[in-house]
Every structure is written in structure tokens, then in C-alpha cells.
Amino acid sequence: MSYEIEVTLAENKKTKPNANELAFGTCFTDHMFMMDYTLEAGWHHPRIVPYAPISLDPAAVVFHYGQAVFEGMKAYRTKEDKILLFRPEKNMERLNLSNERLSIPPVDETFLVEAIKKLVSIEKDWVPADEGTSLYIRPFIIATEPYLGVRPAHTYTFIVILSPVGAYYAEGINPVSIYVENNYVRAVKGGTGHTKTSGNYAASFKAQEEAQKQGCAQVLWLDGVEKTYIEEVGSMNVFFKVNGEVWTPALNGSILAGVTRDSVIQLLEEWNIPVKEKRISIEELYAAYTEGTLEEAFGTGTAAVISPIGNLKWNDKNLVINGGESGSLSMKIYDTICGIQTGEKEDPFGWTVEAE
Ligand SMILES: *Cc1c(COP(=O)(O)O)cnc(C)c1O
């Protein structure tokens, strides 16, 4: 494949939104990155082009059989006006893991990190500067071949779009209520739970809607077989501080291996706080709660970094955690990761990468 990225700049630039008007995923930048795959040529024709609608045959495999994968990462502006990416190589590594499961041909991870850096540096004026804001990066692959037969497509398109996003916690960090989901399941071992594929999300909306009807922000997913072991919270990984130790569900084939999850584990180890990746049953968590040792709970993911859990609704029980307030460890992790991402804190792990 040719590693030369062809660049076509947009003739008309969009007006950038004001920092206080930024939401999540509603506004897109002037350019996008694309490349195509065919059986004969492999991945080819990498290019940066003006952001625009794409045209697909209505028979494209992605519309019918959902052969699609995606990633989510962010770029941050430092005080010195440098643009930093956070562990982008991990996202490209995970993209190939998803590709492998979805029978999508693998991509060149190193090249794509460079391509994303190039796109972000062309769009650097779109990276917002206000505290908590960032440029969200959404790489994705869709199966484009017009074919209704049931087999992996022979053609694909890889696209990266960018969206400036506002502070996730514009009004300060408020812990969320979470509904322990006993009916619907997100994933099972052997399925696609460990990958970022569109269908996982489509299948999760129903439970999210029901949780919201119960006054909760999201669901706590239990395992798909015994509906006993804790897996994730919404589309985030989940952590609990119990009696001075931190627990998170061990990766088991149905849990998505979050980059934030991995970063939190490394930080805790660095701080000599015992962290255990283990199977956690909802009963074990409830027992800790009744003994008074369930000290904190939080979700982790790129969008929010840390999302403290104030209470868990489990059947007729309501577990109020840390008096419904954000815990001090949750906040320390949040401040440290955000500080590293924005270049305000030292980066002893070498997690950040400059975009230009
Ligand atoms: C993306 C995702 C996460 C979080 O991963 P990060 O790399 O930390 O953003 C967790 N769970 C699910 C199901 C996800 O799709």
C-alpha cells in the first residue's frame, strides 16, 4: 500500500462553535481521513478530504449484517498550545482485535497512528482550549460491498472523523445512579463483547432506556450466563474500592479492555494501592456494602475518564455509596489522568504523543 497520504483541503471552512456551546458528537471538523480496501489492492488510497456525506450502495453489507468496528480517543490542547494524543497505539491495537473478530482485514497500526496525527494537526485549530474540552477522534470501518449473501464483505472503507467536545462535567462531577440489569445482557464469552462493534451498542439501547425510566443514568451489566458476575457499567469499565483495595472485573472474553481501565490499573500499582482483577459477584459486592467496606465505585472510559457511581439499584435494594458523593480516590485518579492528558502533570508512563 502507498503510505503517501493525499491531501485535499476544504475550500470553505466551517465556523467553529464557541467553547460554551460544545456538546458531545454533534459538530464535526472540516476534514476526514479515508482509505479503502479491496481484495486485489488491500488497504489503499489513504487520503484526507473535506468532511462530507459518503455515498454507499443500499446493498452494502454494513447495512444488513452490521459488519462494522469503531474506536474512540481524544486529542487535548496543552497550555503551551501543543496537541497531545493519549495512548493512540492502544486504540489501533484494539481496532485490529475488533477487526479480527468481525472478519475485517487488519490495518497497519503504526501507519494509522501517523495518519491520525496528520489529520489532527491539519485540524489543530479545532482542538478546543477550555478546561475539560477536547477533540474527540472516531475511527471506524464499514463493509461496503453491495452483496446480500452471508459472508464477510470483499470491500471496506476506513474513516476517521473528528468532533470538538465540551467538558463532560460542565457542572462539576456528579455521581450517577446505576440500575443493576437482571434481564438484558450485553455480551457473552465467545461473542463480541471484547470488541468495539456497532451491534453491541444497538443491543444495549433497550436496557439503557429502561434504566432511565427507573431514574438511573445507566445499567450495571452482569455476565450473560449466570447473571451473577459484574461486567461493565453502560459502555464503561467498572471499579470498586472495597476495604482499601480496588477491584475490577477480570477480562473474561466478554468485557471490553478499556484504555482508561488499563491506565487506572497502572496508576494504582504505581501508588501502591492494591488492585485486583477478579470475578466479582453482585452478592459479594452487596456483602461488602452491608459490612460497610464498599467505599467507592466508578466507571472508566475515554468520554468521561472517571464517572463516580453514587448508588446502585439492585432489585428492591438501593446501595448508596460514599454517601452519594464522589470518592477521594476516584477524584485523585480523575485529576491525575486528566492532568497527564492535557500536559499539566508529568507523564511518567510515556502515555501522551504529540500530534505534530
Ligand atoms: C469503549 C468502551 C469502554 C471504554 O474503553 P476506553 O478505551 O477506556 O475508552 C468500555 N466498555 C465498552 C463496552 C466500550 O465500548
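Here the structure is a predicted model, which means the values were calculated and not measured.

Student: Honestly, the side chain of Thr-342 in this entry has me stumped. Any pointers?
Tutor: Here Thr-342 lies in the loop between helix 8 (328–341) and strand 18 (352–354). Those residues in contact with Thr-342 that lie beyond four places of it in its chain are Tyr-76, Arg-77, Thr-78 and Leu-84.

Student: Mind showing me how you'd approach the site of the ligand here?
Tutor: Around the ligand, the structure places 14 residues, and the nearest of them are Lys-196, Tyr-201, Glu-232, Thr-260 and Thr-302. Taking Thr-260, its side chain carries an N or O atom lying 2.6 Å from an oxygen atom of the ligand. Here the shell around the ligand is built from residues that sort into four nonpolar, six polar and four charged.

Student: I keep staring at a nonpolar patch on the surface and nothing clicks. Help me out?
Tutor: Together, Tyr-65, Leu-148 and Val-150 make up an exposed nonpolar region whose accessible area comes to about 340 Å². As for its placement among the helices and strands, Leu-148 is situated in the loop between strand 7 (134–143) and strand 8 (155–165).

Student: Could you clarify how one ought to interpret the pattern of salt bridges in this entry?
Tutor: Side-chain pairs of opposite charge can arise where the charged atoms are in close proximity. Summed over all chains, the structure comprises 14 salt bridges. The closest approach of N and O atoms between Arg-47 and Asp-36, which form a salt bridge, is 3.0 Å. In this pair, Arg-47 is assigned in strand 3 (residues 42–50) and Asp-36 in strand 2 (residues 31–38), connecting sequence segments eleven residues apart. Residue Glu-232 pairs with Arg-186 through a salt bridge whose shortest N-O separation is 3.0 Å. You can see Glu-232 sitting in strand 11 (residues 230–233) and its partner Arg-186 sitting in the loop between strand 9 (176–181) and helix 4 (198–202), a full 46 residues away along the chain.

What counts, and at which threshold
- Residues numbered from 1 in each chain as written.
- Predicted model: local features only at pLDDT ≥ 70, side-chain atom pairs only at ≥ 80, totals over all residues.
- Heavy atoms only, no water.
- Helix = DSSP H or I, 4+ residues; strand = E, 2+ residues; numbered from the N terminus.
- Contact = heavy atoms within 4.5 Å.
- Near = heavy atom within 4 Å.
- Polar contact = N/O pair within 3.5 Å; in protein donor to acceptor, adjacent residues only side chain to side chain.
- Nonpolar A, V, L, I, M, F, W, Y, C, P; charged D, E, K, R; others polar.
- Patch = residues over 30% accessible without salt bridge, like charges linked within 9 Å, V, L, I, M, F, W, Y side chains within 5 Å.
- Areas by Shrake-Rupley, 256 points an atom, 1.4 Å probe, with all protein chains shown as cover.
- Salt bridge = Lys/Arg side-chain N within 4 Å of Asp/Glu carboxyl O.

These figures come from the coordinates and say nothing about function on their own.
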